[in-house]
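As a plain string of letters, each chain reads:
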Amino acid sequence: MKSAWSGLLVAFSLYSAVPVPQVQWEKKTMRWALSFLPFVGVLVGAAEWLWYLFCAHFGAVALFYAVGAALIPLLVSGGIHLDGLCDTCDALCSYGDREKRLAILKDPHVGAFGPMWLMAFLLAEAACFAQIYEKPALLPLACVGFAVARTLGGCKIVLSPCAKDTGLAHIFAENSDKKAVAVTLMIEFVLLVTAAGLLVYTVPYGLRAAKVWAVVLLLWYGLHEKLSRRIFGGITGDLAGFCISLSELLALACAAFGGLMI
């Protein structure tokens, strides 16, 4: 029980901006940490739902809601996954060899391409949120999507080979009970997708939309796996953040476009 509690604190101390008691990063405290990564997504999803209720109650316009909704994940997570998105886009757009791209991921400086793609990502998120606000029948898919995205990101770290023997991904991979954490994350994925399906079950085509969303995420997981192995030689913390960010956007896109068909 103490190990699980320590893992929860480690997960929230790194992957969120929520103030929590600090614990020493070591094998016994990090063993289960990645199992609690989706809990950060649950917090984001809950905040998104409350923000929607607030804006709908007071009759806020779609743009006001969408910008606020796009900023909530940043406020809750502290931007750690967006940092990975930015660095990965810089590396991918460099068209260098593997060593150069890994060096770009490690470099604390930001190039030109990262901020441009980060801006495009946030605009796409805001556009999806604006459409969801107009037709919110599939909003539950979007809210649950933040937790599901983190199950995929956690699986990346414990199931994929690390591209280098340094960095946060390597630290968490080496100190995790990989098999147990992977099984836990897979169970969480199934439970979350099932919960999303139940939440939209009464919506016309809602269950079908949930199935499409789950398939799209699994296809994206496989594509990301091929990309990370072929181009970078494995996973890094930045690539895991890239996976999580795009998984969130795909959930929003499914909820937005699915709402258009209802």
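Going by the structure above, here's the rest.
About the cut-offs
Residues numbered from 1 in each chain as written. Predicted model: local features only at pLDDT ≥ 70, side-chain atom pairs only at ≥ 80, totals over all residues. Heavy atoms only, no water. Helix = DSSP H or I, 4+ residues; strand = E, 2+ residues; numbered from the N terminus. Rg over C-alpha atoms; globule rule 2.2 N^0.38 Å. Buried < 20%, exposed > 50% of the residue type's maximum accessible area, 1.4 Å probe, protein only. Contact = heavy atoms within 4.5 Å. Salt bridge = Lys/Arg side-chain N within 4 Å of Asp/Glu carboxyl O. Core = buried A, V, L, I, M, F, W, Y, C linked by side-chain atoms within 4.5 Å. Phe/Tyr/Trp six-rings, centres within 6.5 Å; stacked < 30°, edge-to-face > 60°. Axes fitted to C-alpha atoms, helices over the stretch in contact; angles between N-to-C directions. Parallel < 35°, antiparallel > 145°, perpendicular 65-115°, else oblique. Left-handed = near helix turned anticlockwise from the far one by under 90°. Nonpolar A, V, L, I, M, F, W, Y, C, P; charged D, E, K, R; others polar.

J.: Looking at this structure, I do not really get the overall build of the chain. What am I missing?
T.: Secondary structure assignment for the chain yields 12 helices and 0 strands. If you list the helices and strands of the chain from N to C, you get α-α-α-α-α-α-α-α-α-α-α-α. Compactness check: the chain gives a C-alpha radius of gyration of 18 Å against a globular reference of 18 Å for 262 residues, within 12% of the reference. The principal-axis extent of the C-alpha atoms belonging to the chain is close to 50 × 45 × 35 Å. Taking all 262 residues of the chain together, 52% fall into the buried category. Across the chain, every contact between residues at least 6 apart in sequence was considered, and the portion connecting residues at least 24 apart equals 79%.

J.: When you look at the pattern of salt bridges in this model, what are you seeing that I'm missing?
T.: One side chain can pair with another of opposite charge once the charged atoms of both are near each other. Tallied over the full model, the rule gives 4 salt bridges. Because the salt bridges share partners, they merge into one network encompassing Lys156, Glu225 and Arg229.

J.: Hey, could you run me through the nonpolar core in this one?
T.: Side chains of nonpolar character tend, in soluble globular proteins, to be buried together. Formed by 85 residues in total, the largest nonpolar core has its most connected members in Tyr65, Leu141, Phe172 and Trp213. With 13 residues, helix α8 (residues 139-159) is the single largest residue contributor to this core. With sequence-adjacent residues up to four places away left out, Tyr65 is seen in contact with Trp51, Tyr52, Cys55, Phe129, Tyr133 and Leu139.

J.: What exactly am I supposed to notice about the packing of aromatic side chains here?
T.: Both the distance between ring centres and the angle between the ring planes are used here to describe each pair of aromatic rings. Tallying each qualifying case throughout the model produces 11 aromatic pairs. Between Trp220 and Phe242 the ring centres are 5.8 Å apart and the planes differ by 65°, which places this aromatic pair in the edge-to-face class. One end of the pair, Trp220, is in helix α11 (residues 206-232); the other, Phe242, is in helix α12 (residues 237-260), and 22 residues separate them in sequence. Residue Trp220 is classed as buried on the basis of its relative accessible area, which comes to 11%. Given the relative accessible area of 8%, Phe242 is considered buried. Grouped by ring-pair contacts, the aromatic residues Trp49, Tyr52, Tyr65, Phe129 and Tyr133 constitute a single cluster.

J.: Sorry if this is basic, but what is going on with the packing of α8 against α12 here?
T.: Two measures define how a pair of helices packs: the angle their axes make with one another and the distance between the axes. Here α8 crosses α12 at 155°, and the two axes come no closer than 8 Å. Looking at the two axes, α8 sits roughly antiparallel to α12. In this structure, α8 crosses over α12, and the sense of that crossing is right-handed. Across the interface between the two elements, Leu141, Ala142, Gly145, Phe146, Ala149, Arg150, Leu152, Gly153, Lys156 and Ile157 from α8 touch Ala240, Cys243, Ile244, Ser247, Glu248, Ala251, Leu252 and Ala255 from α12. In the contact of α8 with α12, the residues fall into 12 nonpolar, 3 polar and 3 charged.

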